[in-house]
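# Commentary on secondary and tertiary structure
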Protein chains: 2
Amino acid sequence: MFPIGRLAKATGVKVPTIRYYEQIGLLPAPERTAGNQRLYTQATLERLAFIRHARDLGFPLEAIRELLSLSDDPARPCAAADEIARRQLAAVEARIARLTVLRDELRRMLDHCASDTIAACRVIEVLGDHRLCAHDHGATEADHPT
Amino acid sequence: MFPIGRLAKATGVKVPTIRYYEQIGLLPAPERTAGNQRLYTQATLERLAFIRHARDLGFPLEAIRELLSLSDDPARPCAAADEIARRQLAAVEARIARLTVLRDELRRMLDHCASDTIAACRVIEVLGDHRLCAHDHGATEADHPT
DNA sequence: CTAATTCCTCTAGCGACTGGAGCTTCAAGG
DNA sequence: CCTTGAAGCTCCAGTCGCTAGAGGAATTAG
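Throughout, residues of each chain are indexed from 1 in the direction in which the sequence is written. Chain letters and ligand numbers both follow the written order, the letters beginning at A and the numbers at 1. Selection of residues for local features in this predicted model requires a pLDDT of at least 70, selection of side-chain atom pairs for listing and counting requires 80 or more, and totals for whole chains, interfaces and linings are taken over all residues. The side-chain values count all of the structure's non-hydrogen atoms but skip hydrogen atoms and water molecules.

## Thoughts on the pattern of salt bridges
Residue and element names in this part refer to chain A. Definition used for salt bridges: Asp or Glu carboxyl oxygen within 4 Å of a side-chain nitrogen of Lys or Arg. Per the stated rule, a full pass over the model turns up 15 salt bridges over all chains. Taking the shortest distance from any N to any O, the salt bridge between E66 and R87 comes out at 4.0 Å. Residue E66 is found in helix α4 (residues 61-71), and its partner R87 is found in helix α5 (residues 79-112); the two are separated by 21 residues along the sequence. Working definition: with a 1.4 Å probe on protein chains only, accessible area under 20% of the residue-type maximum means buried, over 50% means exposed, and in between means partly exposed. Its relative accessible area of 36% is what places E66 among the partly exposed residues. Strands are runs of DSSP state E lasting at least two residues, helices are runs of H or I lasting at least four, and both sets are numbered from the N terminus onward.

Right, dumping it as structure tokens:
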């Protein structure tokens, strides 16, 4: 039985995030001390490690919720978990494809930007004129870098 | 001079998004009709096309704001715009690398998930135990696919 | 015993939109 | 000229996955 700070350190998940996971029902409400502080067990640590890893893999919390409910019932067929992973794989592959196109376009922009002033800067120019690139503008998906 | 709907159609940016861009100061407040409806010019269309394209390339709005202020001053050196694009390229490359690891792990998971029940399913197992994969857990960045 | 650290709850904010409610204005047909 | 329906307006709330801060209580180390 250990407090939230130790759980945070052990899993690499920040303290407020752990409380947030409890709030949205991904983690069970833990026992408390006489002074109302959370006390966690090894079982919760493992559950949180599971969540952390799935997040690292890019699973949205809803998919993780699903996976957790599956793993809570180990006798059930694996097909559902398999389906989730398969969907996730397809999404990841699509993302890679899209980002590869972006990367190539950014590289092209930078390759050709050898001028000194904005007026002749390819970066600005390419961004301002769609015809100068081969990028697919059908995609509406937003990426969230940095 | 045309209304917001035509601007939306021409650029592929949704109407509420255009109003949002105006609200946060990315687009100038346009003229209005007697009845208070927005009227746009070709110049705004081009500015919005620029924004749209940069968003497609994954630039965050703050970077776009910077790029726009650069392009308003064509005599200035290009290095700043170049820097922004270079940072963006680095971010995209990092994302691709990360997603590639993820993809490989998902593939491995699915390859090994030939069993019938959760109990023997690698999907759950791999997600539950960090030692079963080669993924870098130093990264805290979250991906948000689908 | 005190001081530093950790913990608590609660609220608000981030980015980048998206959607809805409830109203007004515009353009076209009859 | 009038009606109708699409498109416009403002304002507010919600999305996802956290993150930060206020203001206080509890725990722990010295």
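## Comments concerning the protein's contact with DNA strand C
Proximity is defined per residue: any heavy atom of the residue falling within 4 Å of a molecule or strand makes that residue near it. Around DNA strand C sit 18 residues in total, of which G5(A), R19(A), Q37(A), R38(A) and Y21(B) are the nearest. Within 4 Å of the protein, the contacting atoms of DNA strand C are 90% sugar and phosphate, with bases supplying the remainder. Contact between DNA strand C and G5(A): a phosphate oxygen at 2.7 Å from a main-chain N or O atom of the residue. A 3.5 Å cut-off defines polar contacts: any pair of N or O atoms within that distance qualifies, except that in protein one atom must be a possible hydrogen donor and the other a possible acceptor, and neighbouring residues in sequence count only when both atoms are side-chain atoms. The separation between a phosphate oxygen of DNA strand C and a polar side-chain atom of T17(B) is 3.0 Å. Taken together, the elements giving at least two residues each to the surface near DNA strand C come down to α1 (4-11) of chain A together with α2 (15-23) of chain B. Examining the composition of the surface near DNA strand C, we find that three residues originate from one element, α2(B), more than from any other. When residue character is reported, Ala, Val, Leu, Ile, Met, Phe, Trp, Tyr, Cys and Pro are called nonpolar, Asp, Glu, Lys and Arg charged, and the others, Gly included, polar. Of the residues assigned to the surface near DNA strand C, the class counts are six nonpolar, seven polar and five charged.

## With respect to the protein's contact with DNA strand D
Looking at DNA strand D, there are 19 residues lining it, with Y21(A), R55(A), G5(B), R19(B) and R38(B) nearest. Backbone atoms, meaning sugar and phosphate, make up 90% of the atoms of DNA strand D lying within 4 Å of the protein. Broken down by secondary-structure element, the contributors of at least two residues to the surface near DNA strand D are α2 (15-23) of chain A together with α1 (4-11) of chain B. Here the element with the most residues in the surface near DNA strand D is α2(A); it accounts for three residues.

## Thoughts on the environment of E62(A)
Residue and element names in this part refer to chain A. Looking at the element boundaries, E62 is found in helix α4. Distance in space between the C-alpha atoms of E62 and L26 is 9.4 Å, their sequence separation being 36 residues. In terms of polar contacts, E62 uses its side chain to reach the side chain of R65, at 3.0 Å.

## Describing helix α3 (residues 42-56) of chain A
Residue and element names in this part refer to chain A. Under the convention used throughout, the expected extent of a helix is 1.5 Å for every residue step, that is, one less than its residue count. Compared with the 21 Å implied by 1.5 Å per residue over 15 residues, the 21 Å span of α3 between its first and last C-alpha is a close match. Every buried residue belonging to α3 is among T44, L45, L48, A49, F50, I51, R52, H53, A54, R55 and D56, and all of these are buried. A positive backbone phi angle near 90° is found at G58, which sits one or two residues after α3.

## Quick look at the packing of α3(A) against α4(A)
Any two packed helices are characterised by the angle at which their axes cross and by the distance between the axes. All names here are of chain A. Lines fitted to C-alpha atoms define the axes, with helix axes restricted to the stretch in contact, and inter-axis angles between N-to-C directions lie between 0 and 180 degrees. The interhelical angle for the contact between α3 and α4, taken along N-to-C directions, is 140°, at an axis separation of 10 Å. In terms of their interaxial angle, α3 and α4 are classed as oblique. Crossing handedness for the pair α3 and α4: right-handed. For the pair α3 and α4, the contacting residues are R47, F50, I51, A54 and R55 in the first and L61, I64, L67 and L68 in the second. In what follows, roughly perpendicular refers to angles from 65 to 115 degrees, roughly parallel to angles under 35, roughly antiparallel to angles over 145, and oblique to any angle outside these ranges. Crossings are sorted by hand: turned counterclockwise from the far helix by less than a right angle, the near helix makes the crossing left-handed, and turned clockwise it makes it right-handed. Any pair of residues with heavy atoms lying within 4.5 Å of one another is described as a contacting pair.

In short, geometric facts, not functional conclusions.
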